[in-house]
Structure formats: C-alpha cells, structure tokens
Amino acid sequence: MSGFLGEHICKLDSKGRLKVPSALKKQFAPEINGRFVINRGFEQCLTLYPFDEWQRISARVNKLNTFEKKKREFKRYFYRGATELVLDSSDRLLLPKHLMDYAGIEKEMILTSQNNMIEVWNPKRYEDLMAIDSDEFADLAEEVMGDLDENSDD
C-alpha cells in the first residue's frame, strides 16, 4: 500500500453513517474487502485503518512487553474502543457513538489522509490544529525534515 491522498469534508446521515467519498474509496486495496478498524487517535481525532494496515500495526503493538508499565498502559489505550467496521452496499460506515463523542464529531467531519490510515476530525479542532502560518510551517519542516538526505529512502 502506497498511502492515501486527499482531504474530504463529509456529513453523517440521520443514522450516524459516513458515506465514504468515491475519490477515497478508489484508493482502497481490493483485498481489504471493505473492512476497517476505527479507533481513538492522537489530538482527539479518530483513526480509520484498512483492516490489513490494522493487522500490521496491531502485530507491532502486540510485541510490546506487558511486564513494563508504560508499554502495558500504551497497549490498553491503543486498543481502547477499537471497533471493526465493514462498508455496506452503499459505501457507508456506521461510526460508533462513543468514538464520535470522544472526537467531538456531531454531524460534519473532515477525513484526512495520513499515509496508510485516515484521520477523522471534528472540523473546528482540525482547523485550529492546522492554523499555523507558512513561516511556522517552514520552521517545522526544517526541524523535522532538515536532516534527511534527499537521496535516501528514509
């Protein structure tokens, strides 16, 4: 999987279902068969993983030593609320209410691509988080990416 692209503004229907945008759906690998896992993410968003990506990440998390307190705490929090979802015949996902409450999502949301997962955001929280000017972004880019060799695959 090479990663997702795009940012999508979406609305829930009256039954709390998200219609997956067709531009995003076209990027899903056929082998996931419409299966996903949604979970709590960082900065109070939700993360939507294609099932194969969830399995890869989950395998890494499961290798953590549960005899170490920080790793045990991380595992508990990481798996807290994780829910399998399956696209219905109309390309909709029924999002769990407890996760929607966690993320502060009511009717509208923003889906953002993050490599091999999709973040699901309350629009106001997302806009507040992304409210940095171009100079701040340039400083952040230099700090995070400045030491990478342009010719390396890292």
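The sections below set out a description of the structure shown in this document. On a predicted model such as this, the values are computed, not experimentally measured, just so you know.

1. Considerations on the pattern of salt bridges
- As enumerated under the stated definition, the model contains ten salt bridges in all.
- One salt bridge connects Glu73 with Lys69, and the closest N-O pair in it is separated by 3.2 Å. Here Lys69 and Glu73 lie together in helix H3 (residues 69-79), a separation of four residues that amounts to about one turn.
- Assessed through its relative accessible area of 36%, Glu73 is described here as partly exposed.
- The salt bridge partner of Asp128 is Lys124, with a shortest N-O separation of 2.9 Å. Of this pair, Asp128 and Lys124 both sit in helix H5 (residues 123-129), four residues apart, which is roughly one turn of that helix.
- Under the relative-accessibility criterion, Lys124 is labelled exposed at 56%.
- Here the residues in one salt-bridge network are Asp52, Glu53 and Arg56, joined through shared partners.

2. Notes on the state of the cysteines
- For the coordinates displayed, the defined rule picks out zero disulfides.
- For Cys45, which is in no disulfide, the shortest distance to another cysteine sulfur is to Cys10 and amounts to 14 Å.

3. Some words on the nonpolar core
- Counting residues in hydrophobic clusters, the biggest one holds 25 residues, and the most contacted among them are Leu46, Leu95 and Met109.
- When sequence neighbours within four positions are dropped, the list of residues in contact with Met109 reads His8, Ile9, Cys10, Leu12, Leu18, Leu95, Met100, Val120, Trp121 and Pro123.
- Within the second largest apolar cluster, seven residues are counted, among which are Val37, Tyr49, Phe78 and Met117.

What counts and what doesn't
Residues numbered from 1 in each chain as written. Predicted model: local features only at pLDDT ≥ 70, side-chain atom pairs only at ≥ 80, totals over all residues. Heavy atoms only, no water. Salt bridge = Lys/Arg side-chain N within 4 Å of Asp/Glu carboxyl O. Helix = DSSP H or I, 4+ residues; strand = E, 2+ residues; numbered from the N terminus. Buried < 20%, exposed > 50% of the residue type's maximum accessible area, 1.4 Å probe, protein only. Disulfide = S-S within 2.5 Å. Core = buried A, V, L, I, M, F, W, Y, C linked by side-chain atoms within 4.5 Å. Contact = heavy atoms within 4.5 Å.

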